[in-house]
Amino acid sequence: DLMIITDHINFFPEHPLRGKNFPTGPRFLDMHETYDRALIAQADKIAEEKGIRVVHGVYIGVTGPTYETPAEYKMYHCGIKTFGISIITDLGLEDTPVEVSHEEVQIAANNAQPLMTEIMREMINRC
């Protein structure tokens, strides 16, 4: 099959954004639409016009030179639902820099932690 990549999972031990932070772009990239939807739609249209069968999928990047074991395949395709939650600990703004101390960040995190715990416990209870 030809698979149009719609997302990816990076299992490589090295990452291209680790290391020295060169001022050529953002350090933390927005990854919500890493693979451009318009380009995916264009590729789908071309494939349909040409009678080429394509599928969509998530690319999993792993190191070689070995192929995956049966247990690794099971892990990659286990269908686990994912959820993430984060605590905003400081309000640094691009146009209005705010001086923040490590202690203030810790206080904000400690104040929010019980609320996050409450949400997570209730989510687990409802599963």
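Cut-offs and rules
- Residues numbered from 1 in each chain as written.
- Predicted model: local features only at pLDDT ≥ 70, side-chain atom pairs only at ≥ 80, totals over all residues.
- Heavy atoms only, no water.
- Helix = DSSP H or I, 4+ residues; strand = E, 2+ residues; numbered from the N terminus.
- Buried < 20%, exposed > 50% of the residue type's maximum accessible area, 1.4 Å probe, protein only.
- Contact = heavy atoms within 4.5 Å.
- Areas by Shrake-Rupley, 256 points an atom, 1.4 Å probe, with all protein chains shown as cover.
- Salt bridge = Lys/Arg side-chain N within 4 Å of Asp/Glu carboxyl O.
- pLDDT = per-residue confidence, 0-100.
- Expected span 1.5 Å × (residues − 1).
- Bend = angle between axes of the 7 residues up to and from the residue.

## Points about the overall build of the chain
Then, number 1: Along its length, the chain carries three helices and two strands.
Then, number 2: Going from the N terminus to the C terminus, the chain shows its helices and strands as β-α-β-α-α.
Then, number 3: Buried positions account for 5% of the 127 residues belonging to the chain.
Then, number 4: Sequence separation of at least 24 residues holds for 70% of the intrachain contacts in the chain that already meet a minimum separation of 6.
Then, number 5: Within the structure as shown, the chain displays about 11,500 Å² of accessible surface, and the carbon and sulfur contribution to it stands at 58%.

## Some remarks on the pattern of salt bridges
Close approach of charged atoms allows side chains of opposite charge to pair.
Then, number 1: In the structure shown here, the tally under the stated rule is two salt bridges.
Then, number 2: The salt bridge involving Arg-37 is made with Glu-33; its shortest N-O contact spans 3.4 Å.
Then, number 3: Take Arg-37: its relative accessible area is 54%, and that puts it in the exposed class.
Then, number 4: For Glu-49, the salt bridge goes to Lys-45, with nearest N and O atoms at 2.8 Å.

## Section: the confidence of the model for the chain
Then, number 1: Summing up the model confidence of the chain, the mean pLDDT is 81 and the portion of residues at 70 or higher is 87%.
Then, number 2: Predicted confidence in the chain is weakest over helix 2 (residues 70-76), with a mean pLDDT of 82, and strongest over helix 1 (residues 37-50), with 91.

## Here we look at the environment of Tyr-59
Then, number 1: Within the secondary structure, Tyr-59 sits in strand 2 (residues 54-61).
Then, number 2: We classify Tyr-59 as partly exposed; its relative accessible area is 42%.
Then, number 3: Taking C-alpha positions, Tyr-59 is 8.8 Å from Met-3, a pair spaced 56 residues apart along the chain.
Then, number 4: Here Tyr-59 is in contact with Met-3, Ile-5, Asp-7, His-8 and Ile-9, once residues within four sequence places are set aside.

## Considerations on helix 3 (residues 102-126)
Then, number 1: In this model helix 3 runs 35 Å from its N-terminal to its C-terminal C-alpha over 25 residues, within 8% of the 36 Å that 1.5 Å per residue would give.
Then, number 2: The largest bend along helix 3 reaches roughly 35 degrees and is located at Gln-113, with the proline Pro-114 sitting one to four residues downstream.

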